[in-house]
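Chain by chain, the residues run as shown.
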Amino acid sequence: MAVSPPVCDFGWTAPDLALPGTDGRTYALKDIRGPKGTLIMFICNHCPYVLAVRDRMIRDARDLQALGIGVAAICSNDASAYPEDGIEGMRRVAEELDLPFPYLHDEDQSVARAYGAVCTPDFFGFDAGMGLQYRGRLDASRKQAGPPDLRRDLYEAMKQVAETGHGPAEQIPSMGCSIKWKDAA
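Note that the coordinates shown come from a computational prediction; the quantities given were computed from them, not determined experimentally.

Student: Got a minute to help me understand the pairing of strand β4 (residues 37–42) in this structure?
Tutor: The two faces of a sheet get side chains in turn, since along a regular strand they alternate between them. In terms of burial, β4 is largely enclosed, as six of its six residues are buried. On β4, burial covers both faces: G37, L39 and M41 on one face and T38, I40 and F42 on the other are all buried. Alignment of β4 against strand β5 (residues 69–75), held across six bridges, turns out to be parallel. The residue bridging G37 from the neighbouring strand is I69, located in β5. On the question of chirality, the crossover connecting β4 to the parallel β5 by way of helix α2 (residues 48–66) is right-handed. Here five bridges tie β4 to strand β8 (residues 122–126), and the two strands are oriented antiparallel to one another. Along β8, the bridge assignment pairs L39 with G125.

Student: Where do I start with helix α5 (residues 153–164) in this structure?
Tutor: Given 3.6 residues to a turn, an α-helix orients residues that are three or four positions apart in the same direction. The terminal C-alpha atoms of α5 lie 16 Å apart, and with twelve residues this matches the ideal 16 Å at 1.5 Å per residue to within 8%. For α5, the full list of buried residues reads D153, L154, Y155, A157, M158, V161 and A162. Buried-residue contacts for α5 involve β4, α2, β5, β8 and β9 (132–134). Looking one or two residues beyond α5, the residue adopting positive phi is G165, at roughly 85°.

Student: Can you help me understand the packing of aromatic side chains in this one?
Tutor: Each aromatic ring pair is described using two quantities: the centre-to-centre distance and the angle formed by the ring planes. The full count for this structure, using the stated rule, is seven aromatic pairs. Their ring planes at 80° and their centres at 6.2 Å tell us that Y115 and F126 sit as a pair that is edge-to-face. Here Y115 is found in helix α4 (residues 110–115), whereas its partner F126 is found in strand β8, with eleven residues between them in sequence. With respect to burial, Y115 and F126 carry one shared label: buried. For the cation-ring pair, R152 lies above Y155, with the distance from its terminal atom to the ring centre recorded as 4.2 Å.

Student: I'm lost on the sheet that holds strand β7 (residues 119–120) in this one. Help?
Tutor: Sheets are built from strands that pair by backbone hydrogen bonding, the pairs being arranged parallel or antiparallel. With antiparallel pairing, three strands are arranged side by side in an open sheet as β1-β10-β7. Edge positions in the sheet fall to β1 (2–3) and β7, since each of these pairs with one other strand and no more. Pairing between β1 and strand β10 (residues 176–178): two bridges, direction antiparallel. The partner of A2 across the bridge, within β10, is C177. Those strands touched by α2 are β1, β7 and β10, and its axis lies near 140° from that of β10.

Conventions adopted
- Residues numbered from 1 in each chain as written.
- Predicted model: local features only at pLDDT ≥ 70, side-chain atom pairs only at ≥ 80, totals over all residues.
- Heavy atoms only, no water.
- Buried < 20%, exposed > 50% of the residue type's maximum accessible area, 1.4 Å probe, protein only.
- Helix = DSSP H or I, 4+ residues; strand = E, 2+ residues; numbered from the N terminus.
- Pairing = 2+ DSSP bridges.
- Right-handed = clockwise from strand over helix to strand, strands pointing away.
- Expected span 1.5 Å × (residues − 1).
- Contact = heavy atoms within 4.5 Å.
- Phe/Tyr/Trp six-rings, centres within 6.5 Å; stacked < 30°, edge-to-face > 60°.
- Lys NZ or Arg CZ within 6 Å of the ring centre and 35° of its normal.
- Axes fitted to C-alpha atoms, helices over the stretch in contact; angles between N-to-C directions.

So this is what it looks like as structure tokens:
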């Protein structure tokens, strides 16, 4: 069943984080932050919504990094229930795809909870001061990639943030698989 996050809470401040990356480093928000803004993407290795747009996410991340936007992806899924979303699977994906951004493992799911992430993919676009300016979709793709000429919603929104410090007033939420939460013990 598809899930969509809530609308953008403009100005909400990004919680800090300290997560291990697939490259063996531990990243804090200050390590990811870009001079013109920051994009945090909650993704995973198995979700069909993520798989449908993975190449577009990588393209947009590279293009946004060129504009001064820092980018990182976080996998928060329960790896005991979804082993492909564990750190080894994440390392394999990061290497195979030559990800241009850190791919971070949120094993205890505390970062996903702090951000209020609900689905994969879930995009959080912050301005240079780390205030939320975008909580929308990548583009109009769903479980299958849409046509190549789709409007690049995420890219255009974050380009606007880089240039003006403000995200678009109208945003269409992302849609994807729910984050796979661990059973509460």
